[in-house]
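# Architecture and fold: a report
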Amino acid sequence: MKKRRRWVFLFLLFGTLSLLMACAKPTAKQADGKLTITNASYDPTREFYTAYNQKFEAYYLNKTGKQIEVIQSHGGSGSQARSVIEGAGADVATLALAHDITLIEKAGLIEPGWIKEFKDNSAPYTSTIVFLVRKGNEKGIKDWDDLIREGVSIITPDPKSSGGACWNFLGAWYYAGNSFHENEDQMKDFLKKLYANVTVMDPGARGATTTFVENGQGDVLIAWENEAIMAMKEYPDKYEIITPSSSILAQPSVAIVDENADKNNTQEAAKEYLDYLYTDEAQKLIGEYGYRPTNQAILKEFSNKFNLETKLCTIDDFGGWDEAYEKFFADGGIFDEIYEN
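Residue indices follow the written sequence of each chain, beginning from 1 at its first position. In keeping with the model being predicted, local features are shown solely for residues with a pLDDT of at least 70 and side-chain atom pairs are shown and tallied solely at 80 or more, while totals for entire chains, interfaces and linings include all residues. Side-chain measures here rest on the full set of heavy atoms in the structure, leaving out hydrogens and waters.

## Let's talk about the nonpolar core
Grouped together as the largest cluster of nonpolar side chains are 87 residues, with contacts concentrated most on Tyr52, Trp144, Phe169, Tyr195, Phe318 and Trp321. Note on definitions: a residue-residue contact is assigned when non-hydrogen atoms from the two residues lie within 4.5 Å. Apart from the residues lying within four places of it in its own chain, the contact partners of phenylalanine 169 are Leu191, Tyr195, Phe328, Phe329, Ile334, Phe335 and Ile338. We define a nonpolar core as any set of buried Ala, Val, Leu, Ile, Met, Phe, Trp, Tyr and Cys residues linked to one another through side-chain atoms lying within 4.5 Å. The rule is simple: take the accessible area with a 1.4 Å probe, protein chains only, and divide by the maximum for that residue type; under 20% is buried, over 50% is exposed, in between is partly exposed.

Here's what the structure looks like:
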């Protein structure tokens, strides 16, 4: 089945094992008195949380007089959610979409109402979906309808394991809805043509970026905005970012994994960890790493980095994540319908 299925099992297995190994370390009180918490996050946040954790550890020591260490775990967002459900003892989850947090909640590990525990519906940063093309944009890609042209090779991750891939799909669906006046048959045909042009479907967003940027495959990468910005920063003369006429406001979500935090005596530290994301210092760091701060004043400071004029739909336009996931990404949903057939 194209080039994705053979990678999914190994990816899920590796992600689960890596998170279990990370969480096998003492998580509450170590012999040296240092507190340890584990953050289960999704692929593209690696660099941001490396920097953020250093700032938080210093902040926590200064505020409480206690040393703390944050262990990172990364993978496709859906895969990370399943790893936590299967027993990886993460204290917090910072995942690509609310649905993945809800899955952990439904497994009894997160208390109901988590989405209101922190500001902005527990989404301290946002992003959107853009296209990354090679310098010169040989295929002349400007908008979503260019992606269905014959001869265009697309790289995008798999919605079955990647939260970013779900946002990608919904951004394309929204564009198709506007183009075809919500005629669902025509919208499905549009998405079917788009995914017929996908040559590699990696399990996670970072894997898709690696396939496009480092392995040189594809004409266009459908990507998180922050991933595209990162690629431009590393290779300023090799790539261009194309902002489509419409996209989607992607809202990654954060939550305390209450059952694990209670067991590990880290509930207070976990709350401090997520609260700190909303401080001015952290919001500026968020902008520096290519995510959009939810603090609107700080967001404006990065107006030269982000296209703030793009027309963005939100997950509410799809009825919320529960409804959207069931319709598009559950087994037998629209994604399976257009991709499998």
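From this point, the discussion proceeds with the structure in view.
## Overview of the confidence of the model for the protein chain
This prediction gives the protein chain a mean pLDDT of 92; 91% of its residues lie at or above 70. A residue's pLDDT is the predictor's confidence in that residue, given on a scale from 0 to 100. This stretch, residues 1–29, has a pLDDT under 50; its non-local contacts, to residues over four places away or in other chains, come to 58 contacts.

## A word on the sheet that holds strand β8 (residues 220–224)
Read from one edge of the open sheet, five strands run β7-β6-β8-β5-β9, paired in mixed fashion. The sheet is open, and its two edges are formed by β7 (198–200) and β9 (239–242), each paired on a single side. Here a strand pair is declared whenever DSSP counts at least two bridges between the two strands. A run of H or I in DSSP becomes a helix once it reaches four residues, and a run of E becomes a strand once it reaches two; helices and strands are each numbered from the N terminus. Note: strand β6 (residues 154–155) against β7, two bridges, orientation parallel. In the strand pairing of β7, isoleucine 155 is matched with valine 200. Its contacts with the sheet put helix α8 (residues 205–213) on β5 (129–134), β6, β7, β8 and β9, and the angle it makes with β8 is roughly 150 degrees. Angles shown run from 0 to 180 degrees and are taken between the N-to-C directions of axes, each axis being a line fitted to C-alpha atoms and, for helices, limited to the stretch in contact.

## Some remarks on a negative patch on the surface
Residues enter patches when their relative accessible area tops 30% and they take part in no salt bridge; the joining distance is 9 Å for like charges and 5 Å for the nonpolar side chains Val, Leu, Ile, Met, Phe, Trp and Tyr. Only the protein chains shown count as cover for residues, and all accessible areas are computed by the Shrake-Rupley method using a 1.4 Å probe. Salt bridges are defined by distance alone: a side-chain nitrogen of Lys or Arg within 4 Å of a carboxyl oxygen of Asp or Glu. The positive count covers Lys and Arg only, the negative count covers Asp and Glu only, and His and the chain ends enter neither. Charge positions are represented by NZ for Lys, CZ for Arg, CG for Asp and CD for Glu. Together, Glu111, Glu117, Glu259 and Asp262 make up a region of like negative charge exposed at the surface. Relative to the elements of secondary structure, glutamate 259 occurs in helix α10 (residues 258–264). Note on glutamate 259: relative accessible area 40%, which makes it partly exposed.

## Here we look at the environment of leucine 35
Residue placement: leucine 35 occurs in strand β1 (residues 35–42). Each C-alpha atom of the pair leucine 35 and glutamate 69 lies 6.2 Å from the other, and the pair is 34 residues apart in sequence.

## Topic: the packing of helix α6 (residues 163–179) against helix α7 (residues 184–196)
The geometry of α6 relative to α7 is characterised by a closest axis approach of 9 Å and an angle of 130 degrees between their N-to-C directions. One finds that α6 runs oblique with respect to α7. The hand of the α6/α7 crossing is right-handed. When α6 is examined against α7, the residues Ala165, Phe169, Ala172, Trp173, Tyr175, Ala176 and Gly177 are found in contact with a partner set consisting of Glu184, Met187, Lys188, Phe190, Leu191, Leu194 and Tyr195. All residues other than Ala, Val, Leu, Ile, Met, Phe, Trp, Tyr, Cys, Pro, Asp, Glu, Lys and Arg, Gly among them, are scored as polar; the first ten of these are nonpolar and the last four charged. Its residues assigned to classes, the contact of α6 with α7 shows eleven nonpolar, one polar and two charged. Angle categories are assigned with fixed cut-offs, so that under 35 degrees is roughly parallel, over 145 is roughly antiparallel, 65 to 115 is roughly perpendicular, and the rest are oblique. Take the far helix as the reference: if the near one is turned anticlockwise from it by less than a right angle, the crossing is left-handed, and if turned clockwise, right-handed.

## What to know about the side chain of aspartate 336
As for its placement among the helices and strands, aspartate 336 is situated in helix α15 (residues 334–340). Its relative accessible area of 13% is what places aspartate 336 among the buried residues. There is a polar contact of 3.1 Å between the side chain of aspartate 336 and the side chain of lysine 160. A polar side-chain atom of aspartate 336 sits 2.9 Å from the main-chain amide nitrogen of glycine 332. Apart from the residues lying within four places of it in its own chain, the contact partners of aspartate 336 are Lys160, Ala330, Asp331 and Asn341. Polar contacts, as used here, are pairs of N or O atoms within 3.5 Å; protein pairs need one atom able to donate a hydrogen and one able to accept it. Residues neighboring in sequence count only if both atoms are side-chain atoms.

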